[in-house]
Structures are given as structure tokens and as C-alpha cells.
Amino acid sequence: MTYIIAAPVLPSLPILGSDQRFPIRRVFCIGRNYAEHAREMGASVDEATPMFFCKPADAVVGDGADVPYPSATGELHHEVEMVVALGAGGRDLDVEQALLLVWGYGVGLDLTRRDLQAQAKAKGHPWDVAKAFDHSAPLSALRPAATAGIGADTVLRLRVNGELRQQATLGEMVHGVPRIIATLSRLFELKAGDLIFTGTPAGVAALQRGDRFHAELVGVAELDGRIV
Ligand code: MN
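Here goes a summary of the coordinates provided. Fair warning: this is a prediction, and the values are worked out from it, not measured in the lab.

Conventions used here
- Residues numbered from 1 in each chain as written.
- Predicted model: local features only at pLDDT ≥ 70, side-chain atom pairs only at ≥ 80, totals over all residues.
- Heavy atoms only, no water.
- Pairing = 2+ DSSP bridges.
- Helix = DSSP H or I, 4+ residues; strand = E, 2+ residues; numbered from the N terminus.
- Donors = N, O, S within 2.8 Å, 3.2 Å for Na, K, Ca; no water.
- Buried < 20%, exposed > 50% of the residue type's maximum accessible area, 1.4 Å probe, protein only.
- Polar contact = N/O pair within 3.5 Å; in protein donor to acceptor, adjacent residues only side chain to side chain.
- Contact = heavy atoms within 4.5 Å.
- 1 Å grid on protein atoms, 1.4 Å probe; cavity = no way out; pocket = protein on both sides within 12 Å on 5 of 7 lines; lining within 4 Å.
- Points joined across faces, edges and corners; volume = space filled by probe spheres on them.
- Nonpolar A, V, L, I, M, F, W, Y, C, P; charged D, E, K, R; others polar.
- Disulfide = S-S within 2.5 Å.

**Side note on the sheet that holds strand 16 (residues 212-217)**
Spatial ordering of the open sheet is given by 6-17-16-13-14, a layout of five strands whose pairing is mixed. Two strands in the sheet have a free side with no partner beyond their single neighbour: strand 6 (66-67) and strand 14 (163-169). The sheet contact formed by strand 6 and strand 17 (residues 221-227) spans two bridges and is parallel. Directly across from Asp-66, in strand 17, lies its bridge partner Arg-226.

**Quick look at the coordination of the manganese ion**
Surrounding the manganese ion are the protein donor atoms Glu-79 (OE), Glu-81 (OE) and Asp-110 (OD), at 2.0 to 2.2 Å. We classify Glu-79 as buried; its relative accessible area is 4%.

**A look at the sheet that holds strand 3 (residues 27-31)**
Strand order in the open sheet formed by six strands is 4-3-15-8-9-12, with mixed pairing between adjacent strands. On the outer flanks of this sheet lie strand 4 (51-55) and strand 12 (143-144), each paired with one strand and no other.

**Examining the side chain of Thr-154**
Locating Thr-154 in the fold gives a position in the loop between helix 5 (145-148) and strand 13 (155-160). In terms of polar contacts, Thr-154 uses its side chain to reach the backbone amide nitrogen of Gly-151, at 2.9 Å. Aside from chain neighbours lying at most four places away, what touches Thr-154 is Gly-149, Ala-168, Thr-169, Leu-170, Leu-217, Val-218 and Val-220.

**Details of empty space enclosed by the protein**
A complete count under the given rule lists one cavity of 30 Å³ or more for this structure. One number sums up the size of the largest cavity: a volume of about 130 Å³. Along the walls of the largest cavity sit 17 residues, with Gly-31, Arg-32, His-37, Glu-79 and Gln-117 positioned nearest its centre. When residues of the lining of the largest cavity are traced back to their parent elements, those giving at least two are strand 3, strand 4 and helix 3 (114-123). Top element by residues in the lining of the largest cavity is helix 3. It accounts for three residues. Counted by class, the lining of the largest cavity contains five nonpolar, five polar and seven charged residues.

**Here's the deal with the state of the cysteines**
According to the stated counting rule, one finds zero disulfides in the structure shown. Free cysteine Cys-54: the closest other cysteine sulfur is in Cys-29, separated by 7.0 Å.

The analysis is restricted to geometry; functional conclusions fall outside its scope.
This is how it looks when you write it as C-alpha cells:
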């Protein structure tokens, strides 16, 4: 096979404790998955029908990277989130099968052009320009599920310039990981290489050029970076 133009590079992430990398297929995100965050956005949680959106795989940037402040916004917001990496796929899964797909976990930022998101909401437009822009998904190295020790008490937090901005335990998620995967699998055929951003706790706020962020899924993964 030869291509008429240079083939795009497959995005990938490092794995803690390994020289191998995790290839990224798709990036799914769930919205409004922590009640306090839904409230701060003036929205409510829909228990029955979770809300999803996507980012392109090449929006992912790795740990330690400089993240360029995006064009066309004056309100770049951080959303710290646990990220689930799938090592297998499936469709129409039930909740009992869902965790079998999980290969590992990381911590990431669902960077958001909040001003463009507000405009999109007001007009009933899609969220792509608010959510799916270049460099919009800083993401840590991944830890294999077998050694991650993820539980309801696991703490997710974000510091910006040393100041605590967001913190919650995973037990505060409205839709847990098995339910997120099972629901997504009824909307898309999931495959190995898919990533899922699992929603952000309250405390989302603006980032400025020069800000340094430090995200943690405590005991599992850490992410550092700087807005430039
Ligand atoms: Mn989010």
C-alpha cells in the first residue's frame, strides 16, 4: 500500500513501567457526570441518558508538554478527568461485561473553549469547536488496570500554579465506568485503543498563558503541563 500523501501518524501514549506505547483510536467524553459540576454549569444531571461528545485522537498531548493557548477564545477552561483506556472492544455490552474491556487508566484535561461552548448551547449548535480543538486533551501516561487499584475512594484533583482547583473522589461520579462503557457500546462499536474521558468535578475555571497545571489520579497517574 502506498498513499498519495504522507499517512497521518498514529497518536499514542506512554505506559508506566513499559517501553511500549498505547495506540489511540477514538476519544469519547461524557458530560455532566458529577452533580456539583452540572450545577455550577447551570445544568442538571440526566441519570437515564448520559451526554457524550468526542475529540479527535490527535488532540491528545502527552505529559510535560507545553499546551498552546487556543485561537478564537478568551475563556479556556480546565476540566480534570479520569481517563479509561480500552484494550478490547464490543457493542451492546451489559454492565457486567464492561470492565473486561478496560486496559488501563490515566488522568487528563478536557480543555474547553467555554465562551464558544456557551454560544453553541444558546444556539443549539454542536460542541465541536468548544471541545475538539487541537491540543485539547493533555493526558498522562497510562497505568495498566491490573496495578491501578482504582476504587470509589480514589481521588481526582487538579492544581494550577500550586493552588487546588478541583478535587473529588471517583465515587462521586453519576455514571460509573461500567455504565459509561455499556451505554457507549450501544451508540458506537467500541474497539481497542479507544479512550474515554469520564467527566469532571466542580471547580472548572479559566487558564491563562503561563499557568502550570498538575493533575493527579492519586496513586495511579499524574500529568504536568504549561499553557503557553
Ligand atoms: Mn469534560
